[in-house]
Amino acid sequence: MISVHGLTKVFPGGVRALDSLDLDIGEGEFFALLGPSGCGKTTLLRSIAGLETPTSGRIGIGQTDVTALPPGRRDVAMVFQDYALFPHMDVTANIAYPLRIKKTPRARREARAAEVAARLSLSELLGRRPGQLSGGQQQRVALARAIACHPRVFLFDEPLSNLDARLRLEARTFLKRLQDELGVTTVFVTHDQGEALALAHRIAVMDAGRITQVGTPAEIFHRPATPFVASFIGSTPMNLLPGEVSGDTLRVAGAVLPAPEGLPDGGPIVYGLRPEYTDLSPTARTDGFAGRVAVLENLGTASLVTLEGDGHLVQAVAPEGDEPAVGATVWAVPRRGRALVYHDDRLAGQI
Ligand code: ATP
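Since the structure is predicted, the reported quantities are computational estimates derived from the model, not experimental observations.

1. Notes on the nonpolar core
Next, step 1: If you look at the biggest cluster of nonpolar residues, it comprises 93 residues, and the most contacted ones within it are Leu155 and Val187.
Next, step 2: Broken down by element, the residue count for this core peaks at 7 residues, all from helix H4 (residues 135-148).
Next, step 3: Both of domain 1 (2-226) and domain 2 (239-350) provide at least three residues apiece to this core.
Next, step 4: Residues in contact with Val187, not counting those within four places in the same chain, are Ile2, Ile25, Phe31, Leu33, Leu45, Ile48, Val153 and Leu155.

2. Thoughts on the environment of Glu219
Next, step 1: Tracing the sequence through the fold places Glu219 in helix H7 (residues 217-222).
Next, step 2: Owing to 14 C-beta atoms within 10 Å, Glu219 belongs among the partly exposed residues under this scheme.
Next, step 3: For the pair formed by Glu219 and Arg202, sequence separation is 17 residues and the distance between their alpha carbons is 9.1 Å.

3. Considerations on the UniProt feature "domain: ABC transporter" (unreviewed entry) in the protein chain
Next, step 1: Taking the UniProt record as the reference, the feature "domain: ABC transporter" (unreviewed entry) is found at residues 2-233.
Next, step 2: Taken end to end, residues 2-233 comprises 37% helix and 25% strand; its first and last C-alpha atoms sit 25 Å apart.

4. Observations concerning the environment of Ser246
Next, step 1: Within the secondary structure layout, Ser246 lies in strand E11 (residues 239-246).
Next, step 2: Given 13 C-beta atoms within 10 Å, Ser246 falls into the partly exposed group.

5. Focus: the packing of H4 against helix H5 (residues 165-182)
Next, step 1: For the pair H4 and H5, the least separation of the axes is 11 Å and the interaxial angle reads 15°. By the angle between their axes, H4 is roughly parallel relative to H5. H4 and H5 meet at a crossing whose hand is right-handed. Contact residues: H4 offers Gly135, Gly136, Gln139 and Ile147, while H5 offers Leu167, Ala171 and Leu182.

6. Quick look at the environment of Glu115
Next, step 1: Looking at the element boundaries, Glu115 is found in helix H3 (residues 106-119).
Next, step 2: Residue class for Glu115 comes out partly exposed when judged on the 14 C-beta atoms lying within 10 Å of it.

Criteria and cut-off values
Residues numbered from 1 in each chain as written. Predicted model: local features only at pLDDT ≥ 70, side-chain atom pairs only at ≥ 80, totals over all residues. Core = buried A, V, L, I, M, F, W, Y, C linked by C-beta atoms within 7 Å. Buried ≥ 20, exposed ≤ 12 C-beta atoms within 10 Å, placed from the backbone. Helix = DSSP H or I, 4+ residues; strand = E, 2+ residues; numbered from the N terminus. Domains from an automatic or database assignment. Contact = placed C-beta atoms within 7 Å. UniProt positions renumbered as here; feature names shortened; annotations may be inferred. Axes fitted to C-alpha atoms, helices over the stretch in contact; angles between N-to-C directions. Parallel < 35°, antiparallel > 145°, perpendicular 65-115°, else oblique. Left-handed = near helix turned anticlockwise from the far one by under 90°.

Set out below in structure tokens:
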């Protein structure tokens, strides 16, 4: 549905916000652009919308090359972070605005606004102005406006970032259900990995104007392609430890572990292990990382344990009631098949 090829955007002053980027998004997909601040997510979204002119490259929507088309002729609807509602118009007029631009007769556009408003539980609020609405309600009006003229593509820029934590979770579920029901191809920008994992069918992780990995939430979570992606995904950051290949073993922070095949002897590696897949042993293990319990953090149903070893830190999630004491020496033992080994910035194996 959306194809981006060789897209480059250099802003005046020389900032290369997008660097020869390629991306294909399927019809009906809920697709997240995820990455740290400044990696180019918004520039990519705005380029798809037609609000940014690329320096080079092409963008297609459906069968149409839209690279040279103005925003109004791309059949996309964008929802901005600040919702960009008109403060002097009531909810009906805000929702119906794109239809007014398209010169739809008043009766038809008001009927459509009422229909979309009902779907988004806004019927009671049609006569109010944005200033008289809560943040969550304003967000729903912005969504209703986007839906009103049946676009082929929705583009959302950080759609949940103006909501407080609880409302954000509610709005997240609402957005997911709405996209499921409407089935409209949707691209949304977020810097919140939890949001991307929860909402998207697929995620593109961006770094410095390029895409580092595209995959389903499960692929991105379980097989991050690079240490950068690994460090970015997960509610507790992945342990990433430097190590070395020694024959058919890896030496990592004092532990001896089996090496995946095909790595050069003596070569440096990065060893990645999620705290969720790290068990704690009170007795010495050659396949474990020794450390003294420095910090215990309560996660609700479990605790995050930070171990301080000889020159390394390792974090593990310990089940509720099974936490070691602060100051105790324990061994953090990887669960079989759950650790990732990176060589040359690429995933080389899983052990
Ligand atoms: P954030 O999560 O902080 O919104 P982002 O990933 O959306 O970041 P962009 O807004 O796309 O990043 O910006 C990418 C790069 O381009 C940044 O270095 C930014 O400073 C730069 N940039 C964006 N817009 C302009 C502009 N109009 N002029 C010059 N540089 C710009």
